[in-house]
Amino acid sequence: MTRKPVRRVATASNRRSVVRIAYLIGRVDSALRRAIWEAVSPLNLTLQQFTALSVLSGHDHLSNAELAERTFMTPQSANEVTKVLVRKALIKRRPHPSHGRIIQLRLTAKGEAVRGRADAAVLKVEQRMLATLTAATRGGFREHLKVCLRALDEHAVDIVHH
């Protein structure tokens, strides 16, 4: 006589629910984007505009294509963002000194001031997000994120070495 296998019924006590890391990162990304948008919108900025100002602050004289690549936007979207930032007098365009078709982007003094205020607001968001972590844990967390980024994006060298 053969025995039938016993089927276990899933209950709250024997069911293990493991939340995937990719899911958690996605949720953090979504919540962080929303919090940053809320932080910069009083300065009349969108998340994309803030990101562009931040990138231009660290990399003077970028072309629109370079800005698009560093801000994870399409060249068309980056172009629309730069048009708005030029109208707001936060950035200015100038021809590349040796390549006539390339236009370089640069923050204006007003753009740097607005970026500074926005950066301070975003720093508060980051501090709120990491408030319960010790300094050592934050440092380890940063390094683990860099390792993950390096594993998935070979072009992230400029980020992971800082």
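The model shown is predicted, which means the values in this text are computed figures rather than measured ones.

**Q** What am I meant to see in the overall build of the protein here?
**A** Counting its regular elements, the protein contains seven helices and three strands. Starting at the N terminus and ending at the C terminus, the protein contains elements arranged as α-α-β-α-α-β-β-α-α-α. Within the protein, counting contacts between residues at least 6 apart in sequence, those at least 24 apart form 46% of the total. Accessible area for the protein stands at about 12,300 Å²; split by element, carbon and sulfur atoms hold 58% of it.

**Q** It is not clear to me how the pairing of strand β3 (residues 103-107) should be interpreted in this structure. Could you clarify?
**A** Within a regular strand, side chains alternate between the sheet's two faces. Bridge count between strand β1 (residues 62-63) and β3: two bridges; the pairing is antiparallel. Of the residues in β3, the one forming a bridge with Ser-63 is Gln-104.

**Q** Would you take a moment to explain the nonpolar core for this structure?
**A** Side chains of a nonpolar character, in soluble globular proteins, are inclined to be buried together. Of all hydrophobic cores here, the largest spans 27 residues; its most connected members are Leu-45 and Leu-53. Elements that contribute at least two residues to this core include exactly α1 (21-40), α2 (47-58), α3 (64-71), α4 (75-87), β3 and α5 (109-129). Here this core gets six residues from one element, more than from any other, and that element is α2. Excluding anything up to four places from it in sequence, Leu-45 contacts Val-40, Phe-50, Leu-53, Lys-88, Leu-90, Val-114 and Ala-118.

**Q** Even after reading the chapter, I still don't get a nonpolar patch on the surface, so can you show me in this structure?
**A** Among the surface-exposed residues, Val-19, Tyr-23 and Leu-24 lie close enough to one another that they form a single nonpolar patch of about 290 Å² accessible area. Mapped onto the fold, Tyr-23 is located in helix α1.

**Q** What exactly am I supposed to notice about the side chain of Gln-104 here?
**A** For Gln-104, the position within the fold is in strand β3. There is a polar contact of 3.5 Å between the side chain of Gln-104 and the backbone oxygen of His-61.

**Q** Can you walk me through α2 in this structure?
**A** Helical geometry note: an α-helix holds 3.6 residues per turn, so side chains three or four residues apart project in the same direction. With 12 residues, α2 should cover 16 Å at 1.5 Å per step; its first-to-last C-alpha distance of 17 Å lies within 8% of that length. Taken together, the buried positions of α2 are occupied by Leu-47, Gln-49, Phe-50, Ala-52, Leu-53, Val-55 and Leu-56.

**Q** Whenever I open this one, the pattern of salt bridges confuses me. Can you help?
**A** Two side chains bearing opposite charge may form a pair once their charged atoms approach each other closely. What the rule picks out here adds up to five salt bridges. Taking the shortest distance from any N to any O, the salt bridge between Lys-83 and Glu-80 comes out at 3.5 Å. Here Lys-83 pairs with Glu-80, and both are found in helix α4, just three residues apart, close to one helical turn. Each of the salt bridges in this network shares a partner with another, and the network as a whole consists of Glu-112, Arg-115 and Asp-119.

**Q** Sorry if this is basic, but what is going on with the packing of α2 against α3 here?
**A** Angle between the axes and distance between the axes: these two values describe a pair of packed helices. Their axes nearest at 10 Å, the elements α2 and α3 cross at an angle of 110°. One way to sum up the angle between α2 and α3 is to call them roughly perpendicular. Classified by chirality, the crossing of α3 by α2 is right-handed. For the pair α2 and α3, contact is made by Thr-51, Ala-52, Val-55 and Leu-56 and by Leu-67, Arg-70 and Thr-71, respectively. Within the contact of α2 with α3, the residues separate by chemical class into four nonpolar, two polar and one charged.

Cut-off values and rules
- Residues numbered from 1 in each chain as written.
- Predicted model: local features only at pLDDT ≥ 70, side-chain atom pairs only at ≥ 80, totals over all residues.
- Heavy atoms only, no water.
- Helix = DSSP H or I, 4+ residues; strand = E, 2+ residues; numbered from the N terminus.
- Contact = heavy atoms within 4.5 Å.
- Areas by Shrake-Rupley, 256 points an atom, 1.4 Å probe, with all protein chains shown as cover.
- Pairing = 2+ DSSP bridges.
- Core = buried A, V, L, I, M, F, W, Y, C linked by side-chain atoms within 4.5 Å.
- Buried < 20%, exposed > 50% of the residue type's maximum accessible area, 1.4 Å probe, protein only.
- Patch = residues over 30% accessible without salt bridge, like charges linked within 9 Å, V, L, I, M, F, W, Y side chains within 5 Å.
- Salt bridge = Lys/Arg side-chain N within 4 Å of Asp/Glu carboxyl O.
- Polar contact = N/O pair within 3.5 Å; in protein donor to acceptor, adjacent residues only side chain to side chain.
- Expected span 1.5 Å × (residues − 1).
- Axes fitted to C-alpha atoms, helices over the stretch in contact; angles between N-to-C directions.
- Parallel < 35°, antiparallel > 145°, perpendicular 65-115°, else oblique.
- Left-handed = near helix turned anticlockwise from the far one by under 90°.
- Nonpolar A, V, L, I, M, F, W, Y, C, P; charged D, E, K, R; others polar.

Everything listed here is a matter of geometry and, on its own, says nothing about what the molecule does.
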